[in-house]
Amino acid sequence: MNKILSIVAIALLVSIFGFQPTPKAEDPKVLIDLGKKGAEVPASLYGVFFEEINHAGEGGLYAEMIRNRAFEDKEVPTGYSVVNGELVPPAVKNHLSGRIEKNTFKWEKETIPAWTINSKGEGASIQTTKTQPLDPSTPNNLLVKINSASTPAIVTNTGFWGIATQNGAEYLLRFYTRSDNYNGAITARIVGFDNTIIASQNVTATANGKWKEHKLILVANASQSKAHFELVFEKSGNVYIDYVSLFPKNTYKGRENGLRNDVATFLSDLKPAFIRWPGGCIVEGITVSNRVEWKKTLGDPMKRSGVYDTWGYRNSYGFGYNEFLQYCEDIGAKGMFVCNVGLGCQYRMGDACSDQDVDFYVKDVLDALEYAIGGTNTVWGAKRAKAGHPAPYPLQYVEIGNEQWGALYNKRFDIFYKAIKSKYPQLTLISNHGLGKGVKSVTKTDMIDPHWYVGPDFFFKNHNLFDNIPREDYKIYVGEYACNQRVGGGNMLAALSEAAFISGMERNSDLVKMASYAPLFENKNNREWPVNLIWIDNDKVVGRSSYYVQQLFASNRPSYNVSTQLQQPKSDKPIPLKGEGGIGLGFMDYTKRIQRLKDHNSRWKCNLS
Ligand code: AHR
């Protein structure tokens, strides 16, 4: 194993730094035969997996700077309750165990997340209400009560662990007010950590009981990373506010409701062949009712309901289906849409919709595909055109369900596969099966999707795993993999082990056609998953060593393999596939998976940051 590590390390050092150590007689050797051609390496091999986890989008890729902009963050999902500060799902039967699982989930602790008022008890207060909603899909708003005009009431939003400004940059503010008795100015401003005013503008509220939209541009006079946003009220009265949204004007490619320029550029530097969206477990939801609903992610962001995210905070649906497809097009990547098959996350509650309701989910994915690639004469294609994009988007892959298994999944997979394939034969359809025998229970799949979250030894020892996998009539998409056991938040050893495993995928790319590391992003203030590829702060984006491994492989993708042979004094023993640590969905039987479920669940509840 150490020898393999040294070879990978040396290969990386040579490619990155041009470093060439003097060879010794006992060193292992790699013999390359340029005359013996191996598998061609497809352009599709290296892609990325986006999921709203660790604030990957909210406070990450998505450029919105106000956290809890629509005051929906404490909206309890329908049918759920909050008991002793924990989110309790409805009692639903897990379709695999037949039991009602007793799980609770993380719930926001702050009363009104990210929002405070300066003068509590001094004549001003804030509270969320559902009075006269701005839009029915976002029922909550914020009531600001200012009883005394003697001290200005200052309502503050912290942003996502601070707001970052650039000197001279423009920020687009949009917010709504409604009042019966407040006629006068409201100051909107960005304020530095040192209380200096970085940008400021006034708007006028009108006391006519109707919602009024305010749009203005704030120009920053300083660069800071820990600023915050304020609304200042200098008169007495009651004012309802809603949808307070602040964006840098300079988003990626200048798109409205767009992406952070630095983060989107950094991701595009990986040259991903495809982007997977929306996940991950969030496709399934804690229960099915809590899944991501792509239709609700379209249109004016002010009207998007958002959803309580499976990973413990609210997803505003800001980085929605259209934004994902647009980003794919912008960076020359193919889109991969993952659909729900009427099953909630089997690691969490695992409920299943009734057989009669499956048609609803089938229609839902067909509508999604029509939106992405259907003609403008179709219902959903016309909506895409109305959103400003008559040409089809580059959507190519559909994964049917996320990390699901069992008889019910297999049955549903067949229904979805047939329905999608008959309408869109050009699309590649992917099942959730690992390397085990489960795939034999479905009629046909184009690809399977095994996942590995393991320790470094597993990847080093299994660098040749795919050499020995029998070739069948489907291909492999390694949809999630990462070395995340016993490597802290990720380190060089983890990256080297991934490099060893990737080299095995690339060598076998007649079989392994696609792969994506997961998870992709972590806002450094919310590490919900232990190891992630890219770390984000509100003004920085950093790739861990694993990022550079991904980049190295993706930007040096050969057109084909040549025969290589490793010569070393003593070869490694063959490795039993059961592996160690983490989830390797390809190899586990049901009982082991349920045990992993339990370990996994306890991990989900703790915030590792
Ligand atoms: O990548 C994190 C999670 O790991 C994904 O949401 C899920 O598919 C897997 O269990």
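Scroll up for the structure.
The sections below set out a description of the structure shown in this document. Every value quoted in this text rests on a predicted model; they were computed, and no experiment measured them. (Residues numbered from 1 in each chain as written. Predicted model: local features only at pLDDT ≥ 70, side-chain atom pairs only at ≥ 80, totals over all residues. Heavy atoms only, no water.)

Attention now moves to the site of the ligand. Taken together, the residues surrounding the ligand are Glu51, Gly280, Cys281, Trp311, Asn402, Glu403, Tyr453, Glu480, Ala518, Pro519 and Trp529. A distance of 3.1 Å is found between an oxygen atom of the ligand and a side-chain nitrogen or oxygen belonging to Asn402. Take Tyr453: an N or O atom from its side chain is 2.7 Å from an oxygen atom of the ligand. Grouping the amino acids of the shell around the ligand by side-chain chemistry returns 6 nonpolar, 2 polar and 3 charged. (Near = heavy atom within 4 Å. Polar contact = N/O pair within 3.5 Å; in protein donor to acceptor, adjacent residues only side chain to side chain. Nonpolar A, V, L, I, M, F, W, Y, C, P; charged D, E, K, R; others polar.)

For the pair helix α4 (residues 358-373) and helix α5 (residues 379-386), interaxial distance at closest approach is 7 Å and the crossing angle is 45 degrees. In this view, α4 runs oblique relative to α5, as classed from their interaxial angle. Classified by chirality, the crossing of α5 by α4 is right-handed. Residues Asp367, Glu370, Tyr371, Ala372 and Ile373 of α4 touch α5, and the partners they reach there are Val379, Trp380, Gly381, Lys383 and Arg384. Looking at the contact of α4 with α5 residue by residue, the classes come out as 5 nonpolar, 1 polar and 4 charged. (Axes fitted to C-alpha atoms, helices over the stretch in contact; angles between N-to-C directions. Helix = DSSP H or I, 4+ residues; strand = E, 2+ residues; numbered from the N terminus. Parallel < 35°, antiparallel > 145°, perpendicular 65-115°, else oblique. Left-handed = near helix turned anticlockwise from the far one by under 90°. Contact = heavy atoms within 4.5 Å.)

A complete count under the given rule lists 35 aromatic pairs for this structure. Ring geometry for Trp107 and Tyr308: centres 4.8 Å apart, planes at 45 degrees, overall tilted. Pair noted here: Trp107 is in the loop between β5 (105-106) and β6 (115-117) and Tyr308 is in strand β18 (residues 307-308), with a separation of 201 residues, a long-range link. Residue classification places Trp107 among the buried positions, given a relative accessible area of 5%. With a relative accessible area of 2%, Tyr308 lands in the buried category. Among the aromatic side chains, those forming a connected cluster through ring pairs are Trp277, Trp294, Tyr321, Phe324, Phe337, Tyr371 and Trp380. When the ring centre of Tyr240 is taken as reference, the NZ or CZ atom of Arg178 above it lies at 4.0 Å. Lys383 extends its terminal NZ or CZ atom over the ring of Trp380, reaching a point 4.8 Å from the ring centre. (Phe/Tyr/Trp six-rings, centres within 6.5 Å; stacked < 30°, edge-to-face > 60°. Buried < 20%, exposed > 50% of the residue type's maximum accessible area, 1.4 Å probe, protein only. Lys NZ or Arg CZ within 6 Å of the ring centre and 35° of its normal.)

What follows is about the sheet that holds strand β27 (residues 521-523). Spatial strand order, β27-β28-β29: 3 strands in an open sheet with mixed pairing. Lying at the two open borders of the sheet, with one neighbouring strand each, are β27 and β29 (541-543). In this sheet, neighbouring strand axes are inclined to one another by 25 degrees on average, regardless of whether the strands run parallel or antiparallel. Here β27 pairs with strand β28 (residues 534-536) via 3 bridges, running parallel. If you follow Phe521 over to β28, its bridge partner there is Ile534. (Pairing = 2+ DSSP bridges.)

One open sheet holds the 5 strands; their spatial order is β7-β8-β16-β11-β14, and the pairing between them is antiparallel. Whereas interior strands pair on both sides, the edge strands pair on one side only; in this sheet they are β7 (124-129) and β14 (212-219). Sheet twist, expressed as the average angle between the axes of neighbouring strands with direction ignored, equals 30 degrees. Both strand β11 (residues 170-178) and β14 contribute to a ladder of 8 bridges, which runs antiparallel. Of the residues in β14, the one forming a bridge with Thr177 is Lys212.

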